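Descriptive structure summary
What follows is the residue order along each chain.
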Amino acid sequence: MVNPQMVMYEEEFNRIQMVVDRLVQDANARVVFIVDKNGQLIAASGDVENLDTTSLASLTAGNIAATGGMAKLLKENEFATQFHEGEKANIHIQLVGNRVILVVIFDAKSSLGLVRLRVKRASEELNRIFEALLKKVQEPGESPFAEITDEDIDNLFND
Amino acid sequence: MSFINYMAREINCKIVYYGPGLCGKTTNLQYIYERTNPDAKGKMISLATETERTLFFDFLPLSLGEIRGFKTRFHLYTVPGQVFYDASRKLILKGVDGVVFVADSQIERMEANLESVENLRTNLQEQGYSLDRLPYVIQYNKRDLPNVASVEELRELVNSTHVPEFEACARTGVGVFETLKAIAKLVLTELKRGS
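Bear in mind the structure is a predicted one, so any value in this text is a computation, not a measurement. (Residues numbered from 1 in each chain as written. Chains lettered and ligands numbered in written order. Predicted model: local features only at pLDDT ≥ 70, side-chain atom pairs only at ≥ 80, totals over all residues. Heavy atoms only, no water.)

1. Concerning the pattern of salt bridges
Residue and element names in this part refer to chain B.
- Across all of its chains, the model carries 17 salt bridges over all chains by this definition.
- Note that D132 and R121 form a salt bridge whose closest N and O atoms lie 3.2 Å from each other. Remark: R121 occurs in helix α3 (residues 110-126) and D132 occurs in the loop between α3 and β7 (136-141); sequence separation between them is eleven residues. (Salt bridge = Lys/Arg side-chain N within 4 Å of Asp/Glu carboxyl O. Helix = DSSP H or I, 4+ residues; strand = E, 2+ residues; numbered from the N terminus.)

2. Let's talk about the interface of chain B and chain A
- Between chain B and chain A, the contact holds 44 residues from the first and 41 residues from the second.
- For the pairing of chain B and chain A, the buried interface totals around 4,000 Å² over both sides, and the portion due to carbon and sulfur atoms is 65%.
- Per-residue buried area on chain B facing chain A is highest for B:M1, B:F3 and B:Y6; these three make up 17% of the total on that side.
- Counting across the chain B and chain A interface gives two salt bridges.
- In this structure, the salt-bridge partner of B:K185 is A:D154, at a minimum N-O distance of 2.7 Å.
- Scanning the region where chain B abuts chain A turns up eight residue pairs in polar contact (both at pLDDT 80 or more).
- For the side of chain B that touches chain A, the secondary structure elements donating two or more residues are β1 (3-5), β2 (10-18), β3 (45-48), β4 (54-67), β5 (70-78) and α5 (176-194) of chain B.
- If one sorts the elements of the side of chain B that touches chain A by residue count, α5(B) sits on top with nine residues.
- Residues that form the side of chain B that touches chain A fall into these classes: 24 nonpolar, ten polar and ten charged.
- When strand β1 (residues 6-8) of chain A meets β1(B), the two strands line up parallel, connected through three bridges. Counted as the bridge partner of A:M8 is B:N5 from β1(B). (Contact = heavy atoms within 4.5 Å. Buried area = accessible area lost by both parts, 1.4 Å probe. Polar contact = N/O pair within 3.5 Å; in protein donor to acceptor, adjacent residues only side chain to side chain. Nonpolar A, V, L, I, M, F, W, Y, C, P; charged D, E, K, R; others polar. Pairing = 2+ DSSP bridges.)

3. Thoughts on the packing of α3(B) against helix α4 (residues 151-158) of chain B
Residues and elements named next belong to chain B.
- In contact at an axis separation of 9 Å, α3 and α4 are set at 35 degrees when each is read in the N-to-C sense. Judged by the sense of rotation from one axis to the other, the crossing of α3 with α4 is right-handed. The residues of α4 that touch α3, namely those facing M110, N113, L114 and V117, are L154, L157 and V158.
- In terms of residue class, the contact of α3 with α4 is built from six nonpolar, one polar and no charged. (Axes fitted to C-alpha atoms, helices over the stretch in contact; angles between N-to-C directions. Left-handed = near helix turned anticlockwise from the far one by under 90°.)

4. Some points on α5(B)
- Along its 19 residues, α5(B) runs 27 Å from first to last C-alpha, staying within 8% of the 27 Å computed at 1.5 Å per residue.
- The complete set of buried residues in α5(B) reads B:V176, B:T179, B:L180, B:A182, B:I183, B:A184, B:V187, B:L188, B:E190 and B:L191. (Expected span 1.5 Å × (residues − 1). Buried < 20%, exposed > 50% of the residue type's maximum accessible area, 1.4 Å probe, protein only.)

5. Some words on the sheet that holds strand β4 (residues 81-85) of chain A
All names here are of chain A.
- Ordered by their spatial adjacency, five strands build an open sheet running β3-β2-β6-β5-β4, and the pairing between neighbours is antiparallel. Of all the strands in the sheet, just β3 (41-46) and β4 have a single pairing partner and so form its edges. Averaged over all pairs of adjacent strands, the angle between their axes in this sheet comes to 10 degrees, without regard to strand direction.
- As paired elements, strand β2 (residues 31-36) and strand β6 (residues 100-106) share six bridges and run antiparallel to each other.

6. A look at α3(B)
Residue and element names in this part refer to chain B.
- Relative to the 24 Å expected for 17 residues at 1.5 Å per residue, α3 spans 25 Å between its end C-alpha atoms, a close match to the ideal helical length.
- Buried residues in α3 make contact with β2, α2 (86-93), β6 (98-104), β7 and α4.
- Positive backbone phi, approximately 90 degrees, marks G128, located one or two places after α3.

Here it is as structure tokens:
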């Protein structure tokens with residue numbers, strides 16, 4: 001197969017969500033979310049109601065991809081951390097295990113020092129979860145898509 | 001790289017619109033955006049220059065409905081077509097599940113089409129993909145203009161592998177959804193085959 005798939009199961013999702021929920025508390029953050037390097041949102045926590053997380057996820061991945069491109073030109077492996085400072089909101093972006101991106105949005109209620117400290121711990125935990133997930137994905141198992149029929153696909157497009 | 005989320009019961013796939021500068025990639029996405037039901041689409045994002053040329057990418061998230069209880073979501077991206085943005089084009093191709101090549105039918109753009117399709121093949125190879133194994137369709141755009149090459153000429157130039165092809169006029173929407181449906185079907189079929 002050309003494309004290896006990213007897969008998320010309930011068990012790992014719950015563990016990831018716990019880490020993200022706790023990071024919102026520990027870092028006094030407004031929002032925390034996790035995106036894969038292709039821009040797919042994996043988990044989010046905090047004040048996400050009025051936030052376009054899909055767009056943010058895609059732009060974050062674009063940002064990391066562009067920075068990764070710059071790193072390559074400078075013969076660096078990656079720039080694993082980025083920080084954007086705004087007037088009210090700040091964004092801390094951390095690449096975790098070169099696989100997923102951990103984004104923390106925070107305001108004056110927190111500080112860069114605190115966020116960095118808490119992100120470090122959360123990154124280590126997330127890295128372990130994603131490593132285990134990757135192993136699980138590689139194990140052969142039942143896929144719900146093996147049973148999709150051409151008719152199922154056609155039905156999607158019946159206007 | 002498709003993303004299957006068992007928790008949210010979602011399949012997410014990435015489709016990239018590729019082609020030479022000003023061939024109508026962004027126009028395709030704009031038309032899809034305008035004609036899609038509000039609850040089936042997210043916000044369209046365009047990272048463009050002040051003169052509305054794509055600088056990095058356009059992005060449009062779409063929901064197509066459910067298959068076996070899984071929501072199918074497609075993330076549509078365009079690349080910047082101008083030759084000197086090659087580094088950015090390579091980045092957008094990362095994790096791609098399907099490609100639409102938008103060719104500009106105007107006779108004076110034949111060389112640009114050829115250069116772009118070769119650039120697509122090279123850039124995919126660099127990422128470890130082969131254009132011959134990836135879900136791939138071609139759109140011949142701007143068929144309404146007076147100075148266009150024939151479909152036979154275009155086919156010979158950019159479709160030597162005979163992938164599905166569509167005539168279009170993206171500005172008025174002719175062929176736009178046909179192209180999208182074709183690539184989405186190929187991506188889902190590949191997902192089925194690969195699973």
